[in-house]
Amino acid sequence: MAIKCIAIDLDRTTLDKEGKLSTGNRKALEAVIAAGVPVIVASGRSFTALPKDILSVPGIEYAVTCNGAAMYHLPSGRCLKRFRMSETAVLKVMQIAAAYDVTYEAFIDGVAYAGREYIEDPVRFGAIPEAVSYVQATRTLQDDIVSFIYENKARLDSMDIIVKEERTKEKLWREIQETTDEVYITSSIKQLIEISDKHCGKKSGVAFFLRELHLKREELAAFGDADNDIDMLRYAGCGIAMENASPNCKSAADFVTRHHDKDGLAYGLTEILHLLPDDKQKKKKPEELEKLCPAAKKCGGCRYMGVTYQEQLHKKQKQVERLLGRYGRIKPIVGMENPMHYRNKVHAVFAFDKKQGILSGIYQEGTHQVVPVETCLIENEQADRIIQTVKRLAKSFKYKAYNEDTGYGLLRHVLIRTGYHSKEVMVVLVLSSPILPSKNHFVKELCKLHPEITTIVVNVNDKKTSMVLGDKQQVIYGKGYIEDSLCEKVFKISPKSFYQVNPVQTEKLYGQAISYAGLTGKEVVIDAYCGIGTIGIAASDKAGKVIGVELNTDAVKDAVSNARRNGAKNVDFYQNDAGKFMLQLAAAKEKIDVVFMDPPRSGSSEEFLDAVIALKPSQIVYISCNPETMARDLQYLSKKEKRYKIEALTPFDMFPYTECIEVCGLIRLQQEKRKDCGNKKRK
């Protein structure tokens, strides 16, 4: 049965600490609303304190607030139904609570009233520090809150009892439950008991709206933080929370309740969109796709152009689960808040056309036909503008575009690298000859039009090859490299340096990899396939010693320079084949605790994995840009050494709008069980 209604609880799977919606969650909400699915907000806070970020999402119709005491129509602010607590229930609860050291909150007509003690120091009563400003901004002060509740006992929507100790809360909770059955009790945060009429609660509120919308409970998908919100498990029913979700939204609820990512809700809503009938899905028409990117059909790079970003994440999640799911649970894919213009490395090839003259663009997939590209949705916009300027200047300086068939022409490629944090810009002109006519005038004109350029390099590629860069290069402006920061470290980036093209996602990826390593400051770490040393240097503050191994000589030189630049004295780099190097360490009985491995798309060789097994590190952190070869390597590793267990796998969307996926995995060596060597009596 299709999902026709969604209820969301305003907890940490929906909002961040400041009560804000992440871009991913907002877009996901807008997508389900656009698909014609009603959205209900379920919140324990008062109506007047509903976050503006929620109220500002067009199309959210209804809200259940004050612990299920009132149901509102959001666009008009009109209360559709209200529950009041019975006077006898209020008196009984307060009579029991009088024996304990507590303070109160009272909710009347959607307004929260609280005592001075709680408003001035909510942290003392179990609220997290980030909630202090929220409490103080949304509570109306009542110095004598007890008298206030007595005077208004017939008007209460609900009330909270706030205690100072968790043990006291549990005792008070049990006593109230044993004494009266007139109240609905929940305890969603530490040291707090929420009390409403027994007919209230999120369950009753959501059920009310289902009746109003003429829907069955099987047609509802509702999400809350099941690990922290007891009422969502105990009372809610109606498909809310993973443990009692209806079958058709169980996987979606699993995303939301088990993973507290800031885009947690978005993952679940993406699943719901995927369950909708095809006629509910809004797909891009060919003419709309043409407007997004004129080169989309010919380029072939952005296979997901015209697909909503949440659907892209859904497809990639499913692909990783299909390839790697047999090795362990796959965590939700880590997406981007802004998946556009993320590439900090932009390459263009030049060609000549009789009608248009010099063209700049990219090769059509599988061919050497140049597709003209002026702007690209995934490339750095500044880099695209510089490429167009180079093309115009080439015409005015009468430079000829290189012809692959004849070998005639000067200008082959241009490569732009930009620093995400530093804002430094490198321009690499790839020529068929080391001589650039009117070089000084060209540089002066280019820098005049783009003063952001910090260095220009001429790279010479005079061979008939599909490789972009040649072996020789000459710096004609600036220092010949740029610097940028990553994970609070500064790295030198040369024309040939391998450096991840998506700096925003790289910081997330490396942060996860270092977290998986579980470093305490004592471990000896190997950074295999280390490149310019990014992962190893980023981890150096938390490790005892880092050894980087890389076959490329230029990369090792940059790595050494980067370690010196960052004052990383506990890092050494070696130019060697990583597998052979590790076998030498194993033969010398060197103890290695952690291996970071970030192989190319082709994955690792069996020889490399055998070397890892020989070293027997307690933990392997595998970063892969190709889940297919990662699956092959994991199978070999687990078959060859059964004590290695894949404990966690997290996908990262490093390349939005393309089919490429990055995965970070933790592989841990299991300790051998000790055998009982005690003497046993023989029968």
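Fair warning: this is a prediction, and the values are worked out from it, not measured in the lab.

Scoring rules and cut-offs
- Residues numbered from 1 in each chain as written.
- Predicted model: local features only at pLDDT ≥ 70, side-chain atom pairs only at ≥ 80, totals over all residues.
- Heavy atoms only, no water.
- Helix = DSSP H or I, 4+ residues; strand = E, 2+ residues; numbered from the N terminus.
- Contact = heavy atoms within 4.5 Å.
- Areas by Shrake-Rupley, 256 points an atom, 1.4 Å probe, with all protein chains shown as cover.
- 1 Å grid on protein atoms, 1.4 Å probe; cavity = no way out; pocket = protein on both sides within 12 Å on 5 of 7 lines; lining within 4 Å.
- Points joined across faces, edges and corners; volume = space filled by probe spheres on them.
- Nonpolar A, V, L, I, M, F, W, Y, C, P; charged D, E, K, R; others polar.
- Core = buried A, V, L, I, M, F, W, Y, C linked by side-chain atoms within 4.5 Å.
- Buried < 20%, exposed > 50% of the residue type's maximum accessible area, 1.4 Å probe, protein only.
- Polar contact = N/O pair within 3.5 Å; in protein donor to acceptor, adjacent residues only side chain to side chain.
- Phe/Tyr/Trp six-rings, centres within 6.5 Å; stacked < 30°, edge-to-face > 60°.
- Lys NZ or Arg CZ within 6 Å of the ring centre and 35° of its normal.
- Pairing = 2+ DSSP bridges.
- Axes fitted to C-alpha atoms, helices over the stretch in contact; angles between N-to-C directions.
- Salt bridge = Lys/Arg side-chain N within 4 Å of Asp/Glu carboxyl O.
- Left-handed = near helix turned anticlockwise from the far one by under 90°.
- Disulfide = S-S within 2.5 Å.

**Student:** Lay out the overall build of the protein chain in plain terms, naming residues and giving numbers.
**Tutor:** Each helix and strand counted, the protein chain has 22 helices and 28 strands in total. Sequence-distant contacts in the protein chain: of pairs separated by 6 or more residues, those separated by 24 or more amount to 67%. A total accessible area of about 31,900 Å² is found for the protein chain, and carbon and sulfur atoms account for 49% of it.

**Student:** Could you give me a rundown of empty space enclosed by the protein, with the residues and numbers involved?
**Tutor:** Here the idea is plain: a probe the size of a water molecule rolls over the atoms and shows the empty space left. Summed over the entire model, instances satisfying the criterion amount to four cavities of 30 Å³ or more. Taken as a whole, the largest cavity encloses approximately 70 Å³ of empty space. What lines the largest cavity is simply Val346, His347, Ala348, Gly361, Ile362, Val373, Glu374, Glu379, Asp384, Ile387 and Gln388. Taken together, the elements giving at least two residues each to the lining of the largest cavity come down to strand 13 (345-353), strand 14 (357-363) and helix 15 (381-396). Tallied by class, residues from the lining of the largest cavity come to five nonpolar, three polar and three charged.

**Student:** Account for the nonpolar core, naming residues and giving values.
**Tutor:** Residues Leu324, Ile526, Phe596, Leu634 and Leu649 are the most contacted members of the largest nonpolar core, which totals 96 residues. Within the second largest apolar cluster, 30 residues are counted, among which are Ile386, Ala401, Leu411 and Val427.

**Student:** Describe the environment of Lys591, listing the residues and the values that go with them.
**Tutor:** Inspection of the secondary structure assignment puts Lys591 in the loop between helix 20 (578-587) and strand 25 (594-597). Sequence separation between Lys591 and Leu615 is 24 residues, and the spatial gap between their C-alpha atoms is 7.3 Å. Within the structure, Lys591 has its side chain in polar contact with the side chain of Asp593 (distance 2.3 Å).

**Student:** Residue-level account of the packing of aromatic side chains, with values.
**Tutor:** Tallied over the full model, the rule gives 10 aromatic pairs. For the ring pair Phe47 and Tyr72, a centre distance of 3.9 Å and an interplane angle of 10° mean the geometry is stacked. Of this pair, Phe47 sits in the loop between strand 2 (39-42) and helix 2 (52-55) while Tyr72 sits in strand 4 (residues 70-73), and the two are 25 residues apart along the sequence. When the centroid spacing of 5.3 Å and the interplanar angle of 65° are considered together, the rings of Phe208 and Phe209 count as edge-to-face. In this structure Phe208 comes out as buried when scored by relative accessible area, which is 10%. Since its relative accessible area comes to 0%, Phe209 is described here as buried. Lying across the ring of Phe83, Lys81 places its NZ or CZ 5.4 Å from the centre. Sitting above the plane of the Tyr481 ring, Lys492 keeps its charged end 4.7 Å from the centroid.

**Student:** Residues and numbers for the sheet that holds strand 18 (residues 453-460), please.
**Tutor:** Pairing within the open sheet is mixed, and its seven strands lie in the order 15-14-13-16-17-18-19. Every other strand in the sheet has two partners, leaving strand 15 (370-372) and strand 19 (472-477) as the edge strands with one partner each. Recorded for the sheet is a direction-independent mean angle of 35° between the axes of neighbouring strands. As judged from the five bridges shared by strand 13 and strand 16 (residues 411-418), these two strands associate in the antiparallel manner. Bridged to Lys345 within strand 16 is Arg417. Running over the sheet, helix 15 touches strand 13, strand 14, strand 16, strand 17 (425-431) and strand 18 and is turned about 150° from strand 14. Contacts from helix 16 (residues 439-449) reach strand 17, strand 18 and strand 19, with the element oriented near 60° to strand 19.

**Student:** Explain helix 21 (residues 606-615) residue by residue, including any values.
**Tutor:** Owing to its 3.6 residues per turn, the α-helix aligns residues three or four sequence positions apart on the same side. Those residues of helix 21 that fall on the buried side of the exposure criterion are Phe608, Leu609, Ala611, Val612, Ile613 and Leu615. Buried residues along helix 21 sit against strand 22 (524-528), helix 20, strand 25, strand 26 (619-624), helix 22 (627-640) and strand 27 (644-652). Taken from the residues just after helix 21, Lys616 is the one with a positive phi, measuring 55°.

**Student:** Talk me through the pattern of salt bridges; I want residue IDs and the actual numbers.
**Tutor:** Within the structure shown, the criterion is met by 28 salt bridges. With a shortest N-O distance of 3.9 Å, Glu30 and Arg26 are connected by a salt bridge. With a gap of four residues between them, Glu30 and Arg26 both fall in helix 1 (residues 23-34), about one helical turn apart. Owing to a relative accessible area of 34%, Glu30 belongs among the partly exposed residues under this scheme. With a shortest N-O distance of 3.1 Å, Arg82 and Asp157 are connected by a salt bridge.

**Student:** So what about the sheet that holds strand 8 (residues 139-141)? Which residues, and what values?
**Tutor:** Spatially, the six strands line up as an open sheet ordered 8-7-6-9-11-10, and their pairing is mixed. Every interior strand has two partners, whereas the edge strands, strand 8 and strand 10 (183-186), have only one. If you compare each strand with its neighbour and ignore which way they point, the axes differ by 25° on average. Strand direction decides the pairing type here: strand 7 (residues 111-114) and strand 8, joined by three bridges, are parallel. Residue pairing in the sheet places Tyr113 in a bridge with Thr140 of strand 8. Packing of helix 3 (residues 87-97) onto the sheet brings it into contact with strand 6 (102-108), strand 9 (158-163), strand 10 and strand 11 (192-197), and relative to strand 9 it is tilted by some 5°.

**Student:** Lay out the side chain of Asn626 with the relevant residues and their values.
**Tutor:** With respect to the helices and strands, the residue Asn626 is situated in the loop between strand 26 and helix 22. The contacts of Asn626, once residues within four sequence positions are left out, are Arg601 and Ile661.

**Student:** Kindly report on the pairing of strand 20 (residues 482-486), identifying the contributing residues and their values.
**Tutor:** Along any regular strand, the residues point their side chains to alternate faces of the sheet. The buried fraction of strand 20 amounts to four of the five residues, a majority that puts the element mostly inside the structure. Where strand 20 lies against strand 21 (residues 489-493), five bridges are found, and the strand directions are antiparallel. Its bridge partner lying in strand 21, Leu486 is registered against Lys489. Between the end of strand 20 and the start of strand 21, which pair antiparallel, lie two residues, with Cys487 showing a positive phi angle near 55°.

**Student:** Report on the pairing of strand 27, specifying residues and quantitative values.
**Tutor:** In terms of burial, strand 27 is largely enclosed, as seven of its nine residues are buried. The pairing of strand 27 with strand 28 (residues 662-669) spans eight bridges and is classified as antiparallel. Residue Ala648 lies in a different strand from strand 28, and its bridge partner there is Leu666.

**Student:** Kindly report on the packing of helix 15 against helix 16, identifying the contributing residues and their values.
**Tutor:** Helix 16 packs onto helix 15 with a crossing angle of 145° between their chain directions and a minimal axis gap of 11 Å. Here helix 15 and helix 16 pass one another in a crossing that is right-handed. Here Thr389, Val390, Leu393 and Ala394 of helix 15 lie close against helix 16, whose contacting residues are Phe442, Glu445, Leu446 and Leu449.

**Student:** Residue-level account of the state of the cysteines, with values.
**Tutor:** Under the counting rule described, the total for this entry stands at zero disulfides. For Cys66, which is in no disulfide, the shortest distance to another cysteine sulfur is to Cys79 and amounts to 9.7 Å. On the basis of relative accessible area, Cys66 is assigned to the buried category, the value being 1%.

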